[in-house]
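Notes for the structure review
Each chain, letter by letter, is given below.
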Amino acid sequence: MTGNNLKAPSLRLGVNIDHVATIRNARGGRHPDPVRAAHLAVAAGADGITAHLREDRRHISDEDIARLKSEITQPLNLEMAMTDEMLEIALKHIPNACCLVPERRREITTEGGLDAAGKGNRLPGFIGHLKDKGIRVSLFIDPNPHQIEASASVGADIVELHAGAYCEAILHGNRADIAREINRLAECASAAAAAGLEVHAGHGLTFDSVDAVAAMPEIVELNIGHFLIGEAIFGGLHSTIRRMRALMDNARAQATGSASA
Ligand code: PXP
């Protein structure tokens with residue numbers, strides 16, 4: 001997200017519209033249009049739009065990125081792999097932020113975080129090209145102290161903490177696993193903030209799992225996609241996003257002792 005002249009709420013919601021494009025592409029053609037979904041998301045209270053341009057173009061297309069950049073007023077967060085092709089596309093469209101993610105062709109979704117510690121040699125140059133154009137750079141990493149240190153040392157502005165293990169624990173309902181994963185996220189959020197990184201989180205968040213993450217004071221942005229688009233089938237996109245926003249805002253307000261939003 002990260003629009004410099006935007007009024008920043010305490011916790012931003014980035015709506016990931018990839019899976020509107022997944023449904024469109026199941027039949028070809030232009031319906032449903034992810035850019036229309038992005039307009040609706042903004043009207044419902046999204047602070048930004050996130051889209052992942054995959055190398056295999058399985059959902060979002062190059063044209064979607066061009067239209068999102070020219071039509072949407074809120075900041076665009078472009079998720080992408082660390083490839084020369086994606087760098088060229090990012091430098092052409094200049095999104096507000098790029099979130100670098102690992103990408104494996106056969107994976108169903110982004111399975112793990114980027115190995116910032118292992119990619120140390122290539123990352124500073126890649127990040128530098130984006131930052132030179134004023135694009136803020138986020139690294140999608142597992143909640144692991146080594147990855148946080150590495151992200152700070154390669155010049156990232158932001159880390160997005162992979163919330164997938166926590167969300168899986170919620171789905172399975174094992175209290176010990178849930179507590180362990182919440183602690184891991186909370187400790188990494190505070191370590192990342194102490195290292196001077198802006199902290200985001202995402203992947204797998206739902207109405208049932210968002211509260212604990214939204215309550216972490218260092219986290220300034222959540223990126224949520226699959227659940228919102230799926231739930232919109234039942235409740236409509238507007239009210240689904242409004243409800244997620246309300247859950248986030250209430251959890252943050254309770255955690256900080258401020259008046260409920
Ligand atoms: N953040 C990142 C970096 C992602 O790769 C994804 C999935 O595309 C998300 C957030 C959103 O995850 P979900 O669709 O599970 O809400």
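Before going into details, it helps to say that this report is about the structure given with it. (Residues numbered from 1 in each chain as written. Predicted model: local features only at pLDDT ≥ 70, side-chain atom pairs only at ≥ 80, totals over all residues. Heavy atoms only, no water.)

1. What to know about the overall build of the protein
Of the regular secondary structure elements, the protein holds 11 helices and eight strands. Summarising its shape, the C-alpha atoms of the protein cover approximately 45 × 45 × 40 Å along the three principal directions. The burial tally for the protein puts 51% of its 261 residues in the buried class. Computed over 27 positive and 33 negative side-chain charges, the separation of the two mean positions in the protein equals 4 Å. (Helix = DSSP H or I, 4+ residues; strand = E, 2+ residues; numbered from the N terminus. Buried < 20%, exposed > 50% of the residue type's maximum accessible area, 1.4 Å probe, protein only. Lys, Arg positive; Asp, Glu negative; His and termini not counted. Charge placed at Lys NZ, Arg CZ, Asp CG, Glu CD.)

2. Focus on the pairing of strand 4 (residues 97–100)
Each regular strand displays side chains that alternate between the two surfaces of the sheet. Every second residue of strand 4 is oriented toward a common face, with Ala 97 and Cys 99 on one face and Cys 98 and Leu 100 on the other, all of them buried. The pairing of strand 3 (residues 76–80) with strand 4 spans four bridges and is classified as parallel. Bridging from a neighbouring strand, Leu 78 pairs with Cys 98 of strand 4. After leaving strand 3, the chain enters helix 4 (residues 84–93) and then returns to the sheet as strand 4, a path that is right-handed. With four bridges connecting them, strand 4 and strand 5 (residues 136–141) associate as parallel partners. Note on strand 5: the bridge partner recorded for Leu 100 is Leu 139. (Pairing = 2+ DSSP bridges. Right-handed = clockwise from strand over helix to strand, strands pointing away.)

3. Remarks on the pattern of salt bridges
Applying the stated rule across the entire model yields 16 salt bridges. Here Arg 180 makes a salt bridge to Asp 177, at a shortest N to O gap of 3.1 Å. Here Arg 180 pairs with Asp 177, and both are found in helix 8 (residues 175–194), just three residues apart, close to one helical turn. The partner of Glu 181 in a salt bridge is Arg 184, and the shortest N-O contact between them spans 3.0 Å. Placement of the pair is Glu 181 and Arg 184 together in helix 8, with a separation of three residues, close to one helical turn. (Salt bridge = Lys/Arg side-chain N within 4 Å of Asp/Glu carboxyl O.)

4. Things to note about the side chain of Glu 198
By secondary structure assignment, the location of Glu 198 is in strand 7 (residues 198–202). Engagement of the side chain of Glu 198 in a polar contact is seen with the side chain of Arg 136, the distance being 2.9 Å. (Polar contact = N/O pair within 3.5 Å; in protein donor to acceptor, adjacent residues only side chain to side chain.)

5. Here we look at the site of the ligand
What surrounds the ligand is a group of 14 residues, the closest being Glu 79, Glu 160, Gly 204, Gly 225 and His 226. Between the ligand and Gly 204, the relevant distance is 2.8 Å, taken from an oxygen atom to a main-chain nitrogen or oxygen of the residue. Between the ligand and Gly 225 there is a distance of 2.8 Å, counted from an oxygen atom to a backbone nitrogen or oxygen. Its atoms largely coinciding with the cavity grid, the ligand occupies the largest pocket. Considering only residue class, the shell around the ligand consists of four nonpolar, seven polar and three charged. (Near = heavy atom within 4 Å. 1 Å grid on protein atoms, 1.4 Å probe; cavity = no way out; pocket = protein on both sides within 12 Å on 5 of 7 lines; lining within 4 Å. Sits in = over half its atoms within 2 Å of the grid points. Nonpolar A, V, L, I, M, F, W, Y, C, P; charged D, E, K, R; others polar.)

This is a description of form; function is not addressed.
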